2 protein chains.
Amino acid sequence: MSQIKDYIAQNEDRFMQELFSLIRIPSISAKSEHKGDMVACANRWAEILTSSGLDNAEVMPTDGNPVVYADKIISPDYPTVLVYGHYDVMPEEPVELWKSPAFEPEIRDGHIWARGADDDKGQSMIQVKGFETANKLGLVKCNVKVILEGEEEVGSPSLAPFCEKHKEKLKADVILVSDTGMLAKDIPSITTGLRGLAYWEIEVTGPNRDLHSGHYGGAVANPINELCVLMSKMIDENGRITIPEFYDDVLEISAAEREMIAAAPFNEEEYKKALDVKALKGEAGFHTLERNSCRPSFDICGIWGGYTGEGAKTVLPSKAYAKVSTRLVANQDYRKISQDFVKYIEAIAPEYIKVKVTPLHGGEAYLCPIDMPAYKVAEEAYLATFGKKPLGLRTGGSIPIIATFERILGIKTILMGFGLESDAIHSPNENFPVDLFYKGIETVATFYSKFGR
Amino acid sequence: MSQIKDYIAQNEDRFMQELFSLIRIPSISAKSEHKGDMVACANRWAEILTSSGLDNAEVMPTDGNPVVYADKIISPDYPTVLVYGHYDVMPEEPVELWKSPAFEPEIRDGHIWARGADDDKGQSMIQVKGFETANKLGLVKCNVKVILEGEEEVGSPSLAPFCEKHKEKLKADVILVSDTGMLAKDIPSITTGLRGLAYWEIEVTGPNRDLHSGHYGGAVANPINELCVLMSKMIDENGRITIPEFYDDVLEISAAEREMIAAAPFNEEEYKKALDVKALKGEAGFHTLERNSCRPSFDICGIWGGYTGEGAKTVLPSKAYAKVSTRLVANQDYRKISQDFVKYIEAIAPEYIKVKVTPLHGGEAYLCPIDMPAYKVAEEAYLATFGKKPLGLRTGGSIPIIATFERILGIKTILMGFGLESDAIHSPNENFPVDLFYKGIETVATFYSKFGR
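Thresholds applied
- Residues numbered from 1 in each chain as written.
- Chains lettered and ligands numbered in written order.
- Predicted model: local features only at pLDDT ≥ 70, side-chain atom pairs only at ≥ 80, totals over all residues.
- Heavy atoms only, no water.
- Contact = heavy atoms within 4.5 Å.
- Buried area = accessible area lost by both parts, 1.4 Å probe.
- Salt bridge = Lys/Arg side-chain N within 4 Å of Asp/Glu carboxyl O.
- Polar contact = N/O pair within 3.5 Å; in protein donor to acceptor, adjacent residues only side chain to side chain.
- Helix = DSSP H or I, 4+ residues; strand = E, 2+ residues; numbered from the N terminus.
- Nonpolar A, V, L, I, M, F, W, Y, C, P; charged D, E, K, R; others polar.
- Axes fitted to C-alpha atoms, helices over the stretch in contact; angles between N-to-C directions.
- Left-handed = near helix turned anticlockwise from the far one by under 90°.
- Buried < 20%, exposed > 50% of the residue type's maximum accessible area, 1.4 Å probe, protein only.
- Arc of directions from axis to C-beta.

Colleague: Outline the interface of chain B and chain A, listing residues and values.
Modeller: The accessible area lost on association of the parts is a frequent measure of interface size. The interface is formed by 73 residues belonging to chain B together with 73 residues belonging to chain A. Across the chain B to chain A interface the summed buried area is about 5,500 Å²; carbon plus sulfur atoms make up 55%. The largest per-residue losses of area from chain B upon contact with chain A belong to Leu275, Lys281 and Ile303 of chain B, which jointly make up 12% of the total buried on that side. At the junction of chain B and chain A, the tally comes to four salt bridges. At the boundary of chain B with chain A, the tally comes to 39 residue pairs in polar contact (both at pLDDT 80 or more). Ranked by residue count, the leading element in the side of chain B that touches chain A is strand β10 (residues 297–306) of chain B, at ten residues. When the residues that make up the side of chain B that touches chain A are grouped by side-chain class, the tally is 31 nonpolar, 27 polar and 15 charged.

Shown next, in the form of structure tokens:
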């Protein structure tokens, strides 16, 4: 598609300048003193969406920062794409580690250096300029809606209510999001799955006060000892989580997916070396890349109790605590798992302690069917641009908004992320390779040139 | 022995005033601003020891607070008693909870109210005035040496070097200490054993940095999970500690001791109610009062790792820590146990984590043979004063100085303590019953009237 390449080449400076104009607005959602910058950034986006060929640009209020909306409704007969991105960024601290100021973008060594260069101003711009390119060339055969939120870095508190309120307006057939990564510059990949999460705090109470471990030790159950015993029972000798019925709904990995996982570059020795561990540990019968993305996990995220200061103070404490989480996979219901865990702990807790389990948080896993038509089009677009079919790989993390879209809007998302590990998002010296910025635009434009036909 | 009772009755006001004069000096060893008070208190003791009939009173320097020494050498043919006490006290905080000022002793409701009323000015005075009484009545048929240290409440750092340096001067046949308690006012008891201690810090390292639990969870061993598994293996289903060879040297409880333990007042229901636990837990085959004093115990005194703040932060941490202790009993060598534990943990630690075990502290258990002649004399003295033979019971705590005396000086100690649980030592409103103060003096005087004959 040389016309796509040509259009991008002719407009590349403008694309970059428009991105820079967004980056220069320090739209840090975590800091209340940037409230004005949030609105300024939303307004600037509305201008860019309009100049990129979208109609009806609007800065829509929420209980938090506004959502920017625009659309291009070409025909009611066409399928509709909903594009999601976010215009807020992480704080720049620690400021002193930046080689150039976080909000003064500059190009050095073939990279854009700035907060938001990747996450998510750069990647949102890829979506918008990909649409502009295809639209200007008359290649678009679908309707497009764009929403850009301003609270992603603080947990998107207003997004679910926004979706609930504007269900009709946001109706679409598929969602495109560029806010994730790919394996390497020359190994295109699409994130096809995200893990869900259930998270609890456990409080174990032994005696009603801290006791002298000399006067009571050996006669009264110690809540830390007992918490350790309980936690030691959560994973069996095969690395499987012991909560009853836990695996009942787990969707097994398909043969096609296992093939792609096997094709992903992975060197176990290097992986271990990078973590400085002698051996890995996980569920028997699964590859490391399956264990950390397609299979559930159980991690104690925090534990505390008794004396934790310097030296050797003896105590038989009254209480011990842990924060524990499971990462869940497709088809597991976090609400059911959350209750099952509470019941399980209560069932196995011995009578000499009291145990209180408080569910703190949860979210569904997400799985993008790799045989869905829009996904196939995305594959073709990557193949055309990168010369390689992208690997469809799940990631072990969670992006709650993707599950929210599916739950509220009932729409599947394709995570066309162009980020690299080296982009240092959320860190000092965030950056994005210039060539990948344009290649991303080309991929998205190619997607539009093929979708809806 | 009505002459003993008479002498005490004739001198009771003076005894009390002498005690008050000591109490009024705030000899708080934990606070450096009281250095002058430490010396003042030591000097006041030297005066009292002299006026109580002892010779050679001396305030002897150490690297810390001085030790007060005095003796009464009657005949080289007589056996020698060494009396130990301490003149330092705990801080008075929280000051606002005292009903009368901590260092202004007063008698109310039949109790002396003041810091040090029991621990250990009151109880040391019992020893000294018991000796004075017997000595004035010409009943003493042994030599007596007294040492009073000024650092007991801060761990007696100077006492072991002092004993090493003055081994010859401190030569004796038995040590008497009044610094412990008895079961109840009408149930006299002598503490016949103390538990020893071994204490370690454990550091478990998983990956070389904190990891995203989404990206790595399920594939990499979590050090908190693994620490819990290790700790869960320390006690078996019979409540026995699993360290190899751990019980090899444990001295079993004698039939005579078990009989006395069975005679001690103990209501399991009330014990559980006071601690608000539904059930007790301990080594199978032993009574609660045996478990908490005559048998070893294993307690995790502290544990920490990962995220312990508010809310639901996910992390697969790099490290997890625990502070663990075992209470040891007679004949267990804490140095051997200390090494055995390190070896054991290293042996059972799986290859996917690194474990570092650091011994922090240790001390030997102590056991007073209840068939030793001086102990028999003490029993007779209690019987004469209280009308009941005292129960000889071990306590589960540790008093390192007692083991130090045995190790350095090679002398057994009889713990003739007259404290009650209600004396609130180390707490606001420390107190001591007036009648027990005089009964204690009578018991010690009676001991001297019978010892050495």
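Colleague: Give a description of the packing of helix α1 (residues 2–23) of chain B against helix α3 (residues 121–136) of chain B that names residues and reports values.
Modeller: Residue and element names in this part refer to chain B. One way to put it is that α1 packs onto α3 with a least axis distance of 10 Å and a crossing angle of 145°. Seen along the crossing, α1 lies across α3 with a hand that is right-handed. Side by side, α1 and α3 meet where Ile4, Tyr7, Ile8, Arg14, Phe15, Glu18, Leu19, Leu22 and Ile23 of the first sit next to Lys121, Gly122, Met125, Lys129, Glu132, Thr133 and Lys136 of the second. Tallied by class, residues from the contact of α1 with α3 come to eight nonpolar, two polar and six charged.

Colleague: Quick one: what's the story with helix α7 (residues 255–263) of chain B, residue by residue and with numbers?
Modeller: Residue and element names in this part refer to chain B. Taken together, the buried positions of α7 are Glu257, Met260 and Ile261. The arc enclosing the buried residues of α7, seen along the axis, measures out at 100°, which places them on a common side. Relative to its buried face, α7 has exposed residues pointing more than 90 degrees away, namely Ala255, Glu259, Ala262 and Ala263. Of the surrounding secondary structure, the elements contacted by the buried residues of α7 are β8 (189–194), α9 (288–291), β13 (366–367) and β14 (391–394).

Colleague: Would you mind going over the pattern of salt bridges in detail, with residue names and values included?
Modeller: Residues and elements named next belong to chain A. Going through the model one piece at a time under the given rule, you end up with 64 salt bridges over all chains. When the shortest N-O distance is used, the salt bridge between Asp333 and Arg335 registers 3.7 Å. Residue class for Arg335 comes out partly exposed when judged on its relative accessible area of 38%. A salt bridge links Glu379 to Lys389, with the nearest nitrogen and oxygen atoms 4.0 Å apart. With Glu379 in helix α11 (residues 373–386) and Lys389 in the loop between α11 and β14 (391–394), the pair connects residues that are ten residues apart, well separated along the chain. Residue classification places Glu379 among the buried positions, given a relative accessible area of 7%. When its relative accessible area of 53% is taken as the criterion, Lys389 is described as exposed.

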